[in-house]
Amino acid sequence: MIKSVILVIYLLCLECVNYTYGNSGVITTGYANTAPDNPDLRWEETSQANIGFDAELFNSLTIGMDIYKKSTTGILRPVPYLVM
């Protein structure tokens, strides 16, 4: 039932339009979205920082450490993630 309602709402936003395809000048009939744009939509923004440290001791022992942080804002839909 819910999928049917969503489909009907989507189809109400479509309108039959004529357009030319390619350089042939032939007019083709198709459908275009006529719903107004959402002015509240923005690009997602990402900021990140990375700090690293590498050391080699006695020509055989290598030590490395990295700290990484990434933050993203403005995501339209939250994405679940797994931390290991």
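Caption draft 1: Expanded view of the pairing of strand S2 (residues 27-33). With seven bridges connecting them, strand S1 (residues 14-20) and S2 associate as antiparallel partners. Residue pairing in the sheet places Thr20 in a bridge with Ile27 of S2. Linking two consecutive strands that pair antiparallel, namely S1 and S2, is a turn of six residues; a positive phi of about 75° is found at Gly22 within it.

Caption draft 2: Structural context of the pairing of strand S4 (residues 61-73). Relative to S4, strand S3 (residues 45-57) is paired through 13 bridges, and the arrangement is antiparallel. Directly across from Leu57, in S4, lies its bridge partner Leu61. Between S3 and S4, which follow one another and run antiparallel, lie three residues, and Phe58 among them has a positive phi close to 55°.

Caption draft 3: Summary view of the confidence of the model for the protein chain. Mean pLDDT over the protein chain stands at 79; residues scoring 70 or higher make up 71%. Between the elements of the protein chain, mean pLDDT differs from a low of 62, seen in helix H1 (residues 2-12), to a high of 94, seen in S3.

Caption draft 4: Fine view of a nonpolar patch on the surface. Residues Ile51, Phe53, Leu57, Phe58, Leu61, Ile63, Met65 and Ile67 make up a contiguous nonpolar surface patch of roughly 850 Å² in combined accessible area. Considering each element in turn, the nonpolar patch owes the most residues, four residues, to S4. Note on placement: Leu57 falls in strand S3. In this structure Leu57 comes out as partly exposed when scored by relative accessible area, which is 36%.

Caption draft 5: Here's a closer look at unusual backbone geometry. Even without glycine at this site, Phe58 takes up a positive phi of about 55°. Topologically, Phe58 is positioned in the loop between S3 and S4. Assessed through its relative accessible area of 76%, Phe58 is described here as exposed. Located in the positive-phi region is Asn59, a residue other than glycine, with phi close to 60°. Examined against the element boundaries, Asn59 turns out to sit in the loop between S3 and S4. By relative accessible area, which is 73% here, Asn59 ends up exposed.

Definitions and limits used
Throughout, residues of each chain are indexed from 1 in the direction in which the sequence is written. Reporting in this predicted model follows two pLDDT cut-offs: at least 70 for local features of residues, and 80 or more for side-chain atom pairs to be given and counted; totals over whole chains, interfaces and linings ignore these cut-offs and use all residues. Processing note: side-chain calculations cover all non-hydrogen atoms of the structure and skip hydrogens and water entirely. Strands are treated as partners if at least two bridges between them are detected by DSSP. The numbering of helices and of strands both runs from the N terminus, where a helix is a DSSP run of H or I of at least 4 residues and a strand a run of E of at least 2. The pLDDT value expresses, per residue, how confident the predictor is, ranging between 0 and 100. Candidates for patches are residues over 30% relative accessible area with no salt bridge; among them, like charges are joined within 9 Å and nonpolar side chains (Val, Leu, Ile, Met, Phe, Trp, Tyr) within 5 Å. Here the open area of atoms and residues is found with the Shrake-Rupley method and a 1.4 Å probe, where only the protein chains shown may cover a residue. Definition used for salt bridges: Asp or Glu carboxyl oxygen within 4 Å of a side-chain nitrogen of Lys or Arg. Burial here depends on accessible area, computed with a 1.4 Å probe over protein chains only, as a share of the maximum for the residue type. Under 20% is buried, over 50% is exposed, and the range in between is partly exposed.

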